[in-house]
Amino acid sequence: MKNKIIFGSIWLGFILYAFIFAPPDQPDTFTLIQNLSTGNWTGINPLIIALFNIMGIWPFIYSCVLFMDGRGQKIPAWPFATLSFGVGAFAILPYLALRQPNPQFLGKKSVLIKVFDSRITGLLLTLGAIALVRYGLTQGNWGDFIQQWQTNRFIHVMSLDFCLLSLLFPALLGDDMTRRGMKNPAIFWGVSLVPLFGPLFYLITRIPLNKTQPLTTSESPSISVQN
């Protein structure tokens, strides 16, 4: 119950902030989203381009743990993972509120889970993230980005969404490590404290599922919150 209250409150607070307290919508927001989605990037700040595309990488990162975590849950993970490609943390937070601790993986891996469990998937996501971050940092205009962050709801909420996805990942990390027999707290905190590249590093280096016996719940590297 405590998890439901915490994550449900964060979800509700994020919705209220995004639609009431965030900067107003701009008339060209739809055109901006359309151009970002279609690759028509002329005249758009590279920092915004990089951030928009990184927000497409985050759902893949979450899918690499959500689909395993969803095995054995009362609620399926795939609707939340799918919706996260469009609305980010707005879709992840309800899943975190409804899920139960799940430190085991039972049964055989499906084809989709094999893909999300593969270190190659983590490597490809990491290479994409490195390219985007490098592009944004070397070509972007920080003054323009800050000004748009202060005046444009889409840019403002997308930036906060990135931060929130970074903060929420540890809520799934502990159980995923336990399912793999990984009990090093240093890994948990190292992954948790480094935004974006911490989770990506974990996807590359984690032990594949079914390669080792899972730990007991008491050996989990995270501090679990009882429901």
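The structure presented is a predicted model; accordingly, all values stated were derived computationally and were not measured.

Caption draft 1: How the structure looks around the overall build of the protein chain. Looking only at helices and strands, one finds 12 helices and 0 strands in the protein chain. N-terminal to C-terminal, the α/β element order of the protein chain is α-α-α-α-α-α-α-α-α-α-α-α. Taken over the C-alpha trace, the protein chain has a radius of gyration of 18 Å; the compact-globule value for 227 residues is 17 Å, and the two agree within 12%. Residues classed as buried in the protein chain amount to 47% of the 227 residues present. Across the protein chain, contacts joining residues at least 24 apart in sequence account for 83% of those joining residues at least 6 apart. As presented, the protein chain carries roughly 11,700 Å² of accessible surface, and 68% of it is formed by carbon and sulfur atoms. With 16 positive and 9 negative side-chain charges, the protein chain shows a spacing of 13 Å between the two charge centroids.

Caption draft 2: The arrangement of the UniProt feature "transmembrane region" (unreviewed entry) in the protein chain in detail. Residues annotated by UniProt as "transmembrane region" (unreviewed entry) correspond here to residues 5–24, 44–68, 80–98, 118–137, 157–174 and 186–204. Each end of residues 118–137 is marked by a C-alpha atom, and these two atoms are 29 Å apart; helix forms 95% of the span and strand 0%. This span, residues 157–174, is 94% helix and 0% strand, and a straight line between its end C-alpha atoms measures 27 Å.

Caption draft 3: Representation of the pattern of salt bridges in the model. Scanning all chains against the criterion turns up 10 salt bridges. Here R153 and D25 are joined by a salt bridge, their closest N and O atoms 3.7 Å apart. Here the residue R153 occupies a position in helix α9 (residues 153–168), and D25 occupies one in the loop between α1 (2–21) and α2 (29–38), the gap between them amounting to 128 residues. One salt bridge connects D69 with R99, and the closest N-O pair in it is separated by 2.6 Å. Of this pair, D69 sits in helix α3 (residues 46–69) while R99 sits in the loop between α5 (89–98) and α6 (111–117), placing them 30 residues apart in sequence.

Caption draft 4: The arrangement of the nonpolar core in detail. In this structure, W58, I61 and Y62 are the most contacted members of the largest nonpolar core, which totals 62 residues. Ranked by residue count, the leading element in this core is α3, at 17 residues. Not counting chain neighbours up to four residues away, the residues in contact with Y62 comprise I92, L165, L168, F169 and L172.

Caption draft 5: Broad picture of the confidence of the model for the protein chain. Looking at the protein chain, pLDDT values average 91 and 93% of them are 70 or higher. Predicted confidence for residues 212–220 stays below pLDDT 50, and this span has 18 contacts to residues more than four positions away or in other chains. Confidence drops under a pLDDT of 50 for residues 222–227, and excluding neighbours within four residues, the segment shows 14 contacts in the predicted structure.

Caption draft 6: Inspection of the packing of aromatic side chains at higher detail. Tallied over the full model, the rule gives 10 aromatic pairs. Their ring planes at 55° and their centres at 6.4 Å tell us that F52 and F154 sit as a pair that is tilted. Of this pair, F52 sits in helix α3 while F154 is found in helix α9, placing the two residues 102 residues apart along the sequence. Each of the two residues, F52 as well as F154, counts as buried. When the centroid spacing of 5.2 Å and the interplanar angle of 20° are considered together, the rings of F67 and F116 count as stacked.

Caption draft 7: Focus on the side chain of R99. Judged by relative accessible area, R99 falls into the buried class, the value being 6%. There is a polar contact of 2.6 Å between the side chain of R99 and the side chain of D69. Among the polar contacts listed, one links the side chain of R99 to the side chain of D175, at a separation of 2.8 Å.

Conventions used here
Residues numbered from 1 in each chain as written. Predicted model: local features only at pLDDT ≥ 70, side-chain atom pairs only at ≥ 80, totals over all residues. Heavy atoms only, no water. Helix = DSSP H or I, 4+ residues; strand = E, 2+ residues; numbered from the N terminus. Rg over C-alpha atoms; globule rule 2.2 N^0.38 Å. Buried < 20%, exposed > 50% of the residue type's maximum accessible area, 1.4 Å probe, protein only. Contact = heavy atoms within 4.5 Å. Areas by Shrake-Rupley, 256 points an atom, 1.4 Å probe, with all protein chains shown as cover. Lys, Arg positive; Asp, Glu negative; His and termini not counted. Charge placed at Lys NZ, Arg CZ, Asp CG, Glu CD. UniProt positions renumbered as here; feature names shortened; annotations may be inferred. Salt bridge = Lys/Arg side-chain N within 4 Å of Asp/Glu carboxyl O. Core = buried A, V, L, I, M, F, W, Y, C linked by side-chain atoms within 4.5 Å. pLDDT = per-residue confidence, 0-100. Phe/Tyr/Trp six-rings, centres within 6.5 Å; stacked < 30°, edge-to-face > 60°. Polar contact = N/O pair within 3.5 Å; in protein donor to acceptor, adjacent residues only side chain to side chain.

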